[in-house]
Amino acid sequence: MQIGFIGLGNMGAPMAANLAKAGHQVLGFDTAGVTVEGVTQVETATDAVTGADAVITMLPNGAILRAVTDQVIPAMSKGAVLIDCSTVDVDSARAVAEQAIGSGLLSVDAPVSGGIGGASAGTLTFMAGGSEDAFAKAAPLFDIMGQKAVHCGKAGAGQAAKICNNMILGVTMIATCEAFALADKLGLDRQKMFDVVSTSSGYSWTMNAYCPAPGVGPQSPADNDYTPGFAAELMLKDLRLSQQAADSADADTPMGQVATSLYEQFVEKEDGLGRDFSAMLPRFEKRGRE
Ligand code: NAD
């Protein structure tokens, strides 16, 4: 396939490199002028999409996505597929899909989980929203960049799955961290706390696979001085998207709301910026009841 790839940042660059390595012809564009091995760098977004069978975007947010797609959709060939892998708001995902379909294109919103490690290793999970035809056309590319792709439903369903998952993740991380901090104050050894909770009804991915306590459980960012991993500011971005979606769908999400304001405080007023999202544990450790 000829593939246009727009947004060659931390995630986009290794994803585009994997497509090129698999033998596809990849034309890449990034406003930062990034070069990626095996990818032909072009001067404009329009150059990247002209004649492409598939166009992949991996951009910071919905506003930038909308600006880029406004520009490139008219330049894409009829029948080509537009695959947005960025994490953006559900409304932007739906608006872009509508515009693409109106121009005779196939469209999939396909945000990912797996982080930079997964992007490099080609082991991402894709959560996709769009028609059967659009998903079928994108699927061989998901197979190269990832290990799993779930077709979640129509346009926007991929973004919906992503933000619901990450709302659970943010809430659960906070619950796990505050429980460790309470256990500390009750004189409970952290290893014993892990041994019990990880095999009891309080178990979770944040406890069992990504334990926020250094030296306890499997290797995690806590064992590397909370170097991300998954940065607290990216968790904040996803939590804010969950609350934006909850507002527009009139959904009551009190735990998601609290998690959003705690990560907001942590990132914007405390020392959370640039630290892994599990660094909530040292934050709680330092605090008392007030
Ligand atoms: P990043 O900031 O490293 O990359 C974004 C790239 O887009 C940058 O290189 C930037 O120069 C480029 N860009 C910005 N505006 C542009 C434009 N108008 N035209 C072309 N290029 C433009 O971010 P990232 O970590 O690669 O994340 C990308 C997306 O993936 C985000 O939506 C993020 O939420 C999501 N995501 C990130 C992770 C992660 O662990 N980093 C995990 C899952 C999902």
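Report on the accompanying structure. As the structure is a computational prediction, the values presented were derived from the model and not from experiment. Within every chain, residues take consecutive numbers counted from 1 along the sequence as written. Local features in a predicted model are, by the rule used here, given only for residues with pLDDT of at least 70; side-chain atom pairs are given and counted only at 80 or more, and totals for whole chains, interfaces and linings are based on all residues. By convention in this description, side-chain values take in all heavy atoms of the structure and omit both hydrogens and water.

Description of the layout of surface pockets
Next up, step 1: Space inside the largest pocket adds up to approximately 1300 Å³.
Next up, step 2: Around the largest pocket sit 44 residues that line it, and Met-11, Gly-115, Lys-162, Phe-230 and Leu-234 are the ones nearest its centre.
Next up, step 3: Numbered from the N terminus, helices here are DSSP runs of H or I no shorter than four residues, and strands are runs of E no shorter than two. Among the elements that take part in the lining of the largest pocket, helix 7 (residues 157-185) stands out by supplying six residues, more than any other.
Next up, step 4: Under this grouping Gly is polar, as are all residues other than the nonpolar Ala, Val, Leu, Ile, Met, Phe, Trp, Tyr, Cys and Pro and the charged Asp, Glu, Lys and Arg. Split into classes, the residues belonging to the lining of the largest pocket amount to 21 nonpolar, 19 polar and four charged.
Next up, step 5: Approximately 380 Å³ is the volume found for the second largest pocket.
Next up, step 6: Forming the walls of the second largest pocket are Glu-178, Ala-179, Ala-181, Leu-182, Lys-185, Leu-262, Arg-283, Phe-284, Arg-287, Gly-288, Arg-289 and Glu-290.
Next up, step 7: If you tally residues by element for the lining of the second largest pocket, the top one is helix 7, at five residues.
Next up, step 8: Split into classes, the residues belonging to the lining of the second largest pocket amount to five nonpolar, one polar and six charged. The definitions used throughout rest on a 1 Å grid laid over the protein atoms alone, on which a cavity is an enclosed set of points accommodating a 1.4 Å probe that cannot get out and a pocket is an open set flanked by protein within 12 Å on both sides along at least five of seven lines; lining residues are those having an atom within 4 Å of a point. Grid points are joined across faces, edges and corners, and a volume is the space filled by probe spheres set on the points.

Comments concerning helix 8 (residues 190-197)
Next up, step 1: Only protein chains enter the accessibility calculation, which uses a 1.4 Å probe. A residue is then buried if its area is under 20% of the maximum for its type, exposed if over 50%, and partly exposed in between. Of the residues making up helix 8, those classed as buried are Arg-190, Met-193, Phe-194 and Val-197. With its buried residues spanning 100 degrees around the axis, helix 8 presents them on a single face. Among the exposed residues of helix 8, those oriented more than 90 degrees off its buried face are Lys-192 and Val-196.
Next up, step 2: Contact criterion: two residues are considered in contact whenever any of their non-hydrogen atoms come within 4.5 Å of each other. Residues of helix 8 that are buried sit in contact with helix 7, helix 9 (205-208) and helix 12 (280-285).
Next up, step 3: The opening residue of helix 8 is Asp-189, an N-cap whose side-chain oxygen sits 3.1 Å from the backbone nitrogen of Gln-191. Directions drawn from the helix axis to the C-beta atoms are what define this arc. Polar contact is defined as a pair of N or O atoms within 3.5 Å, subject to the rule that within protein one atom must be able to donate a hydrogen and the other to accept it, and that residues adjacent in sequence are counted only when both atoms are side-chain atoms.

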